[in-house]
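Next come the chains, spelled out residue by residue.
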Amino acid sequence: MTSPAPATANSSLPTIAFIGGGNMASAIIGGLIRQGHPASQIDVVEPWADARAALQKNYGIEAQPEAGPALQRARIVVWAVKPQTFQDAAAQAKAHTQQALHLSVAAGIRSDSIAQWLGTERVVRTMPNTPALVGKGMSALYARPAVDTAERAQVEAIMASTGEFLWVDTEKQLDAVTALSGSGPAYVFYFLEAMTRAGTDMGLTEQQAHQLAVGTFVGASELARRSDEAPAVLRQRVTSKGGTTYAALQSMESAGVAAAFERAMEAARQRADELGNEFGG
C-alpha cells in the first residue's frame, strides 16, 4: 500500500464522461472544474431529471438521460452508479466506450466483472468517501495490469481533485478500504451525534454541543495528521490516570466499545465482498 498523495491540479486531462451524475460524480466534477478542467470536456449520463437539472445549474453541464454515441469522444469514463445498476448501465454504454480508460467508484463491484461487462482490461477501481464533496476526500485506488503509467497518472489527477488518495497492491484490499474510509464518515457522524446528545443532556445547547464536538474531531484529526506519533501515544498524552479522560475511556472499555467498533467494520468489509458476489458477473 503506497503513501497518500497530495491533491495537485492537472488541466491536461482529456474529455471525461461520467455514467451517473449523483453526489460522488458531482464531487469529482466540481473538483475538476475548480482545478481548471473545462465543463465542455465533461459528459454525463444521468437518468434522473432532478440530478440532470442540478448538473446544469451548478456546472453548466447538459447531461444526457441515456448512453449514446456522444460518449465516443471520452477517453476516460468514470462509473458513478449504484452496484445493482452497474451491469445494465455497462451494457448500454459498452459500444460507445471501447476506446476509454474506465474508472469505477462503485462499491463492491470487482474489476473482473467490470472488464467482462465492458470488454476491456483498462479498468481502475477506487473507493472514495463523501468528504470528497468538500475537497477533503480520502480514496484508495487499484489498477488492473493493463493500465499503464500514464493512465494511472490521469486517474491520480482526477482523484486529486477530491482530496488525498493512495494505491493498494491487491484488489481485495479495497473491501477493507470500503469498511475503513469509504463507510468511515458515517462512523464519525455517528459519534458526533452521540457527543452532541451527551452535551445537551449535560446542559449545553445543541448548537454549543455540536460546535464543540465537530471542532474536537477536526482538531484531533489534524493533530494526528501532523504528528509522527501513533494514535495510542496521542491518546495516552491526554489521559491522566484518575482524571476525566481516564474515566471516560474506562467506561468505554468496560462497555466493549472498541471491540464492537471493530466488529462493525468487519461487517462492512463482509458486505463489500457480498456486493461483488451479488452484483458481479
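Look up: the structure comes first, before these words.
Residues numbered from 1 in each chain as written. Predicted model: local features only at pLDDT ≥ 70, side-chain atom pairs only at ≥ 80, totals over all residues. Heavy atoms only, no water.

Chemist: Hey, could you run me through the packing of helix α3 (residues 86-93) against helix α4 (residues 111-118) in this one?
Modeler: The N-to-C vectors of α3 and α4 enclose an angle of 30°; their axes lie 9 Å apart at closest approach. In this view, α3 runs roughly parallel relative to α4, as classed from their interaxial angle. Here α3 runs over α4; the crossing is right-handed. For the pair α3 and α4, the contacting residues are F86, Q87 and A90 in the first and I114, W117 and L118 in the second. Of the residues in the contact of α3 with α4, the class split is 5 nonpolar, 1 polar and no charged. (Axes fitted to C-alpha atoms, helices over the stretch in contact; angles between N-to-C directions. Helix = DSSP H or I, 4+ residues; strand = E, 2+ residues; numbered from the N terminus. Parallel < 35°, antiparallel > 145°, perpendicular 65-115°, else oblique. Left-handed = near helix turned anticlockwise from the far one by under 90°. Contact = heavy atoms within 4.5 Å. Nonpolar A, V, L, I, M, F, W, Y, C, P; charged D, E, K, R; others polar.)

Chemist: Would you take a moment to explain the side chain of E151 for this structure?
Modeler: Relative to the helices and strands, E151 resides in helix α5 (residues 149-160). Leave out the neighbours within four places in its chain, and E151 touches L101, R122 and A146.

Chemist: What is the right way to look at the sheet that holds strand β2 (residues 42-45) in this model?
Modeler: The strands making up a sheet associate through backbone hydrogen bonding, with each pair oriented either parallel or antiparallel. Here we have 7 strands laid out as an open sheet, ordered β2-β1-β3-β4-β5-β6-β7, and mixed in their pairing. Single-partner strands in this sheet number two, and they are β2 and β7 (163-167). Averaged over all pairs of adjacent strands, the angle between their axes in this sheet comes to 25°, without regard to strand direction. Where strand β3 (residues 76-79) and strand β4 (residues 101-104) come together, 4 bridges link them in parallel fashion. Bridging from a neighbouring strand, I76 pairs with L101 of β4. (Pairing = 2+ DSSP bridges.)

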